[in-house]
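Structure assessment
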Amino acid sequence: GNSSSRTQRPMVASAAELRHSAGTAPGNGAHKITVNGVKVQRSVRKTQGGSALQKMLRFARAQWFILCVFASIGLAKMAPWVGVKGGPLKPEFTVKILGVGAIFFMSGLSLKTEELAKAAMQVNLHATIQGFSLAVTPLLVCTVAGFLESLITTAPGGGGSSGMEDVLSLLMGIKVLSCLPPPVSTGLILTKETEGNEAAAIFNGTIGAFMGVIFTPMLVMAVTGGSADVPIANIIKKLCITVVAPLLAGQLTKYSGIFSSKFLKKIPFSTMRSLILLTIIYTTFCGTFMKKLEITMGYFFGLVAVLLFQQCSNMFLVKNICAAQGMKRTDAVAAMFCAVHKSLTLGMPITGIVFEGDPKLAVITIPLLVYHPMQILLGSLLVPTLKKWVAAGQDEDPSRKG
């Protein structure tokens, strides 16, 4: 009778016990304290003291990638000839083939086949990404650009001056940009860095590239009223070499037993992907800085502001579309990168073909040349914030992890 009514004292440390344990802890980290005669583990937060130099080093370690992004841009500005096509680094081979191939090979090594198969079945996510990239964006951009073009051409003396001709050419370039598919590499890297749905990013980057080969020329010709004979076979061949083959090779290597799963887990895939992305950023800005600016600085900064607003508003719109459909945050970040980013690799050849012989070709391509490095830089800067946002969503709903 007495034993049934007897209550056990809860094993909860008093405030005094915890204060004493914190004050007498031998060092930072986990240590054991005694609560009601029972030893329990307690973690103590590491102190963040130290000299100014130590604080700077801690900051540099925590934000090394962002610091390296700006360092890469600075190096590109100092010596752009090093990283341009045909330069000492040969980025047309080392970055566009080896670098991109390495990204997809690592994805093949780290991803389970069932994750890729599961991602392939996320029809709603794929429809959102491809629909926004190849339908919603062109429709919105071309509507706004067309309205602005009509205002310029109908204004007194509009469209006749060289300045207004540049504005019309830039608007044409923005319309062409809106018709492009997502790139196959940068969206994947940024999605992985934010701990988003890597498998979905791979699937959409790959399928988007193949769809872009078919639909982008038709969209560009519809927007511009021109015609083009796009080398579809060559583009598909290049996609197979840089995307499909490395991904399959990674999967075969993973399941061949050559490397143990324990060994694969020790490979710093995230750091390696970040280094490749830094190389892409460097060579991209080298190409940008080597280009001769064909417009005034006022028009250039106006274009930067317009494209930055376009990217941010599109990412915000995609995020809310995904939320309205009840998608996971891991899927949402994949959509935000894959649906908003645009492929310079496909855009430049198509633009060159459609506007061949046009004296304003250099001006028309400027939006593409500005948007490409901007999307990488903006995406890189957003990685820490989006990573925390994804983690917060997983903490709120543990069943939705992954």
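Located above this text is the structure these notes cover.
Remember, it's a predicted structure, so these values are computed and weren't measured experimentally.

A count of helices and strands for the protein gives 18 helices and two strands. Within the span of the protein, comprising 402 residues, buried residues form 43% of the whole. Of all intrachain contacts in the protein linking residues separated by at least 6 positions in sequence, the fraction that spans at least 24 positions is 79%. Working note: accessible area of the protein is about 20,900 Å², and carbon and sulfur atoms make up 66% of it.

Attention shifts here to the packing of helix 5 (residues 91–110) against helix 13 (residues 269–290). One way to put it is that helix 5 packs onto helix 13 with a least axis distance of 10 Å and a crossing angle of 155°. As summarised for this structure, helix 5 and helix 13 are arranged roughly antiparallel, according to the angle between their axes. Of the two elements, helix 5 crosses helix 13, and the hand of that crossing is left-handed. Taking contact as the criterion, the partners of Pro91, Val95, Gly99, Ala102, Ile103, Met106, Ser107, Leu109 and Ser110 in helix 5 are, on helix 13, Phe269, Met272, Arg273, Ile276, Thr279, Ile280 and Thr283. Its residues assigned to classes, the contact of helix 5 with helix 13 shows ten nonpolar, five polar and one charged.

The final tally for this structure, using the stated rule, is one cavity of 30 Å³ or more. In this structure, the largest cavity encloses a volume near 30 Å³. Lining the largest cavity, in full, are Leu177, Leu180, Lys342, Ser343, Leu344, Leu368, Tyr371 and His372. Tallying contributions element by element places helix 18 (residues 366–396) first for the lining of the largest cavity, with three residues. For the lining of the largest cavity, the residue count by class is five nonpolar, two polar and one charged.

This next bit is on the nonpolar core. Phe104, Leu307 and Val318 are the most contacted members of the largest nonpolar core, which totals 86 residues. Considering each element in turn, this core owes the most residues, eleven residues, to helix 18. Once residues lying within four places of it in the same chain are set aside, the contact partners of valine 318 are Phe132, Ala335, Met336, Ala339 and Val340.

Cut-off values and rules
Residues numbered from 1 in each chain as written. Predicted model: local features only at pLDDT ≥ 70, side-chain atom pairs only at ≥ 80, totals over all residues. Heavy atoms only, no water. Helix = DSSP H or I, 4+ residues; strand = E, 2+ residues; numbered from the N terminus. Buried < 20%, exposed > 50% of the residue type's maximum accessible area, 1.4 Å probe, protein only. Contact = heavy atoms within 4.5 Å. Areas by Shrake-Rupley, 256 points an atom, 1.4 Å probe, with all protein chains shown as cover. Axes fitted to C-alpha atoms, helices over the stretch in contact; angles between N-to-C directions. Parallel < 35°, antiparallel > 145°, perpendicular 65-115°, else oblique. Left-handed = near helix turned anticlockwise from the far one by under 90°. Nonpolar A, V, L, I, M, F, W, Y, C, P; charged D, E, K, R; others polar. 1 Å grid on protein atoms, 1.4 Å probe; cavity = no way out; pocket = protein on both sides within 12 Å on 5 of 7 lines; lining within 4 Å. Points joined across faces, edges and corners; volume = space filled by probe spheres on them. Core = buried A, V, L, I, M, F, W, Y, C linked by side-chain atoms within 4.5 Å.

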